Amino acid sequence: MQVRPHSIKSRPRFLAALVLVPCLAGCFASPGGESSSNGGQSGSRLRVALAFPPAENFSPYGADATLLSRLGVTEGLTALDANGAAAPALAESWRRENDRTWRFTLREATFQDGADVTPSAVAAALTRATKAKPAPAALAGVSLDAKADGDRGIRITTAAADPVLPMRLSSPSLAILSPKAYGEKGNPDPAGTATGPFEITKVNGGSVTLDRFDDYWGGRAQASGIDARFVKDGTARANAVRTGDIDIAEAIPVAQAATLDKATLKEAGTTRTTSLQLNTRTGPFKDPKLRAAARTAIDSSTIVKGVFEGYADPGAGIYGPAVTWAESKRVKPAGRAAAAEPDGQQITLATYDNRPELPETAQVVQQQLEKAGFKVKLEVREYSRLESDALAGKFDAFIGARNSLLDTGDPVGVLGSDYTCDGSYNLALLCDKTVDRAVAKADGTDGTGERQDAAMAAEAAILGTDAVVPLAHQQIIAGVSTKVRGVVLDPYERTLVGTGTRR
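Quick notes on the rules
- Residues numbered from 1 in each chain as written.
- Predicted model: local features only at pLDDT ≥ 70, side-chain atom pairs only at ≥ 80, totals over all residues.
- Heavy atoms only, no water.
- Axes fitted to C-alpha atoms, helices over the stretch in contact; angles between N-to-C directions.
- Helix = DSSP H or I, 4+ residues; strand = E, 2+ residues; numbered from the N terminus.
- Parallel < 35°, antiparallel > 145°, perpendicular 65-115°, else oblique.
- Contact = heavy atoms within 4.5 Å.
- Nonpolar A, V, L, I, M, F, W, Y, C, P; charged D, E, K, R; others polar.
- Disulfide = S-S within 2.5 Å.
- Buried < 20%, exposed > 50% of the residue type's maximum accessible area, 1.4 Å probe, protein only.
- Pairing = 2+ DSSP bridges.
- Lys, Arg positive; Asp, Glu negative; His and termini not counted.
- Salt bridge = Lys/Arg side-chain N within 4 Å of Asp/Glu carboxyl O.
- Polar contact = N/O pair within 3.5 Å; in protein donor to acceptor, adjacent residues only side chain to side chain.

*Asks:* Break down the packing of helix α12 (residues 433–443) against helix α13 (residues 448–464) for me, with residues and values.
*Replies:* Between α12 and α13, whose axes approach to 8 Å, the crossing angle comes to 170°. As summarised for this structure, α12 and α13 are arranged roughly antiparallel, according to the angle between their axes. In contact with Val435, Ala438, Val439, Ala442 and Asp443 of α12, α13 contributes Arg451, Ala454, Ala455, Ala458, Ala461 and Ile462. For the contact of α12 with α13, the residue count by class is nine nonpolar, no polar and two charged.

Okay, structure coming up:
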């Protein structure tokens, strides 16, 4: 039996679409995923296919952070619950002492190397993260000081008021590792030094082996371990599910969705948006009039229909429909430059092939830009071979998929990291005083509703520069064997395998 792609409009979104098998609404509060109510009986190893290989030797400070959290290796002081609010993880509770200071109380937990999770170890781990170069995206524009406070307490003071600090500390890039993880130089090694239900025991090029960590504070995992392979070819991932060679395959291409049996196809809402980033620092798109020409040339509805086959919505902004409050608060961009004639301007457009939809999207964008008068050279690489060049501004335009709530769960976080002068993941190389002021104002705003309003005002300022053109708001599509239970697909894409995932 095959599943037919249909309009995303007919599907429940975001929280209602979470694929948790089985799971209660609050299960994201435990980084281990589903509760292991049977005491974590010994089960089969899980075979998992991931789309992205580690780009930074499993450093928790960059893009590899989510690989670690998705495999159940790392966790932070907090997690995000099903409503996107901060929930207990290594910290069982916290309170705000004043505008700039929070005190977190640690639970009893053990590192995978046998050491206790102590306030001094946690403070040291957070201090290391603040000194990482480049800074983790969750710490973009944030200065914090962490100190041990008694037997179980951590006191964290920020240079400026940070009303979302508990959410910020849920970021995979702020995972807590044992002191043994940190050497004199370089990034920390999470193998056998994290706190999650699974520990890395072997890394071998295109694969990684993980064994169950029996002393995990959240209970023993039901699977005895994970054998994960990095398979960048999406068709190969789908085929592996069909043949039974893989139990769980992430990021199934939309072109392959119809070929999977309905029982093995899992979908969930996600806050991921595919966008066209334009290099505002050098090259043709330094001119805002040519950026406007690129924006007006794009028809995102064609991309959604032709490339994503209905498994997406047309690009509306940095935040898509899965961020359920965004549309009602969206502000129309103002002050956009008038579009100029491209007159055969040569540009280089780059993307990566780990997500099969992206090269297809790039081809459609290439055609649309050429129709508008640009000459477009398309460059496609594997992501780990592309990221550094993209961040260095070696391309005129870049198409990527970004989860807008991944780094902190806070809507303002992605704005600071991706679109401010000091942003650590600023692919558009945007440095605009108006944008920086709007993001800074949003970052300093307290109160959920007020912060959302400020975030949408900042989004409008960013869109007004035409540095980014939203193309499509996506869904998660995963292939899961009918023998597997407890896979966790969350909208932030931080979790995949938890304590209750089993075969």
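The discussion continues.
*Asks:* How would you explain the state of the cysteines if you had to name every residue and give the values?
*Replies:* Here the structure, examined in full by the defined rule, presents one disulfide. For Cys421, the disulfide goes to Cys431, at an S-S distance of 2.0 Å. Handedness of the Cys421-Cys431 disulfide follows from its S-S torsion of about 95°: it is right-handed. You can see Cys421 sitting in the loop between α11 (413–419) and α12 and its partner Cys431 sitting in the loop between α11 and α12, a full ten residues away along the chain. Given the relative accessible area of 53%, Cys431 is considered exposed.

*Asks:* Can you explain the sheet that holds strand β5 (residues 91–98)? Please cite residues and give values.
*Replies:* Taken in spatial order, the four strands line up as β5-β6-β8-β7 in an open sheet, and their pairing is antiparallel. Lying at the two open borders of the sheet, with one neighbouring strand each, are β5 and β7 (144–149). The average undirected angle you get between the axes of adjacent strands in this sheet is 20°. In the sheet, β7 pairs with strand β8 (residues 153–158) via six bridges, with the strands oriented antiparallel. Counterpart to Leu144 in the pairing with β8 is Thr158. Along the sheet face, helix α2 (residues 119–130) touches β6 (101–106), β7 and β8 and points at about 170° away from the line of β7.

*Asks:* Tell me about the side chain of Arg494, and name the residues and values.
*Replies:* Tracing the backbone through its elements, the reader meets Arg494 in the segment after β19 (488–489). Buried charge without a partner: Arg494 forms no salt bridge, and the closest opposite charge is Asp490, 6.0 Å away. One polar contact links Arg494 to Ser170, side chain to side chain, over a distance of 2.9 Å. For Arg494, the residues in contact, after removing those within four places along its chain, are Ser69, Arg70, Leu80, Ser170, Ser171, Pro172, Leu405, Leu406, Asp407, Thr408 and Gly409.

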